[in-house]
Amino acid sequence: MRKKIGIFGGTFDPVHIGHLRMALELKQQLGLDDMRLLPCHQPPHRDAPQVSSAQRSEMLRIALQDCPELQLDERELQRDKPSYTYDTLVELRAELGADVSLVLCMGEDAFAGLPKWYRWQELIQLAHIVVIARPGWRIPDAGDARELLSLCERDVKSLDKEPAGSIVLQSLRLLPISATEIRQQIAAGNSAQFLVPDGVWNYINANGLYR
C-alpha cells in the first residue's frame with residue numbers, strides 16, 4: 001500500500017477546535033498515514049499574523065500534545081522568506097521520495113484563489129489536492145481553478161494509485177469557528193474558552209495575546 005502523507009497549512013492565528021477537527025477527520029476519511037499541520041511564517045496572500053511565528057507554533061504544539069494522530073511540522077518557520085507551498089512540497093518530495101502520496105488539503109476558498117499562488121500550476125505535479133467544501137463558498141464556474149479541477153478531478157481511490165496529480169472533493173463536518181472571530185472576541189474582552197483547546201486558551205491568557 002502506498003504511504004499517504006497529509007499536509008494542512010495555515011496561519012493558525014490562533015489554532016482552534018475547527019482546525020483540529022478538520023485535520024483529524026481528513027486523516028481518518030482519507031486513510032492517511034500522517035497528517036502534518038504546517039504553520040506558515042510569512043503568509044504570501046494575506047496580512048501578517050497578529051502574533052509571532054514562535055507563539056503560533058507553540059499554540060499548535062500545545063494543542064497537539066494529546067493527539068498523536070496529528071503532527072506539527074515547523075519547516076516553513078525556518079525560512080526567512082514568504083511561505084510558498086511549492087517550496088514545501090519540493091522539500092517533502094525530496095525527503096520522502098517519489099512514491100509517497102502527498103496530499104495537500106485546503107478549503108474551497110483557498111482552491112478558488114489557487115491561480116494567485118506561487119508556481120501554482122506545478123503543485124499538482126508534486127501532490128494531490130483535496131478540496132474541502134465550505135458553506136458559503138463554491139469554486140467559480142469558469143477560470144483557471146475550474147479548468148484545473150475539470151482536468152484533474154478523481155475519486156479518493158486515486159490517492160492510493162499515484163503519488164500526485166489528482167484533485168479530490170471532500171465534505172466534512174465543519175465547525176463554524178473563525179480565527180478572526182476569536183481574535184475579535186478576545187480584543188473585546190470576551191472569553192474564547194471552548195473555541196480553542198484549554199491549553200491554548202491558558203497560553204493566550206498567560207501571554208496577553210490578542211488583547
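Structure: see above.
Overview of the structure. Just so we're clear, the structure is a prediction, and the values are computed from it rather than from any experiment.

How each quantity is defined
- Residues numbered from 1 in each chain as written.
- Predicted model: local features only at pLDDT ≥ 70, side-chain atom pairs only at ≥ 80, totals over all residues.
- Heavy atoms only, no water.
- Helix = DSSP H or I, 4+ residues; strand = E, 2+ residues; numbered from the N terminus.
- Buried < 20%, exposed > 50% of the residue type's maximum accessible area, 1.4 Å probe, protein only.
- Contact = heavy atoms within 4.5 Å.
- Lys, Arg positive; Asp, Glu negative; His and termini not counted.
- Charge placed at Lys NZ, Arg CZ, Asp CG, Glu CD.
- Pairing = 2+ DSSP bridges.
- Axes fitted to C-alpha atoms, helices over the stretch in contact; angles between N-to-C directions.
- Phe/Tyr/Trp six-rings, centres within 6.5 Å; stacked < 30°, edge-to-face > 60°.

Attention shifts here to the overall build of the chain. Per the secondary structure count, the chain includes nine helices and six strands. Projected onto the principal axes, the alpha-carbon positions of the chain cover approximately 50 × 35 × 35 Å. A total of 211 residues make up the chain; the buried ones form 49% of that total. In the chain, the proportion of contacts linking residues at least 24 apart, taken out of those at least 6 apart, comes to 74%. Looking at the chain, you have 24 positive and 28 negative side-chain charges, and the mean spots of the two groups are 2 Å apart.

On to the sheet that holds strand β5 (residues 128-132). Here we have six strands laid out as an open sheet, ordered β3-β2-β1-β4-β5-β6, and parallel in their pairing. At either end of the open sheet lies a strand with only one pairing partner, and these are β3 (71-72) and β6 (167-170). Of the pairings in the sheet, the one linking strand β1 (residues 4-10) to strand β2 (residues 34-39) comprises six bridges and is parallel in character. Note on β2: the bridge partner recorded for Gly6 is Met35. Contacts from helix α3 (residues 85-96) reach β1, β2 and β4 (101-107), with the element oriented near 155° to β4.

The next thing to look at is the environment of Leu72. Mapped onto the secondary structure, Leu72 falls in strand β3. For the pair Leu72 and Phe8, spaced 64 residues apart in sequence, the C-alpha to C-alpha distance is 9.9 Å. In this view, Leu72 contacts Leu37, Pro39, Ser57, Leu60, Arg61 and Leu64; residues no more than four positions away in its chain are not counted.

This brings us to the packing of aromatic side chains. Applying the stated criterion to the full structure yields three aromatic pairs. Between the aromatic rings of Phe8 and Phe12, the centroid separation amounts to 5.9 Å while the plane-to-plane angle is 85°, which identifies the pairing as edge-to-face. Residue classification places Phe12 among the buried positions, given a relative accessible area of 2%. An aromatic cluster of three or more residues is present, and its members are Tyr84, Tyr86 and Tyr118.

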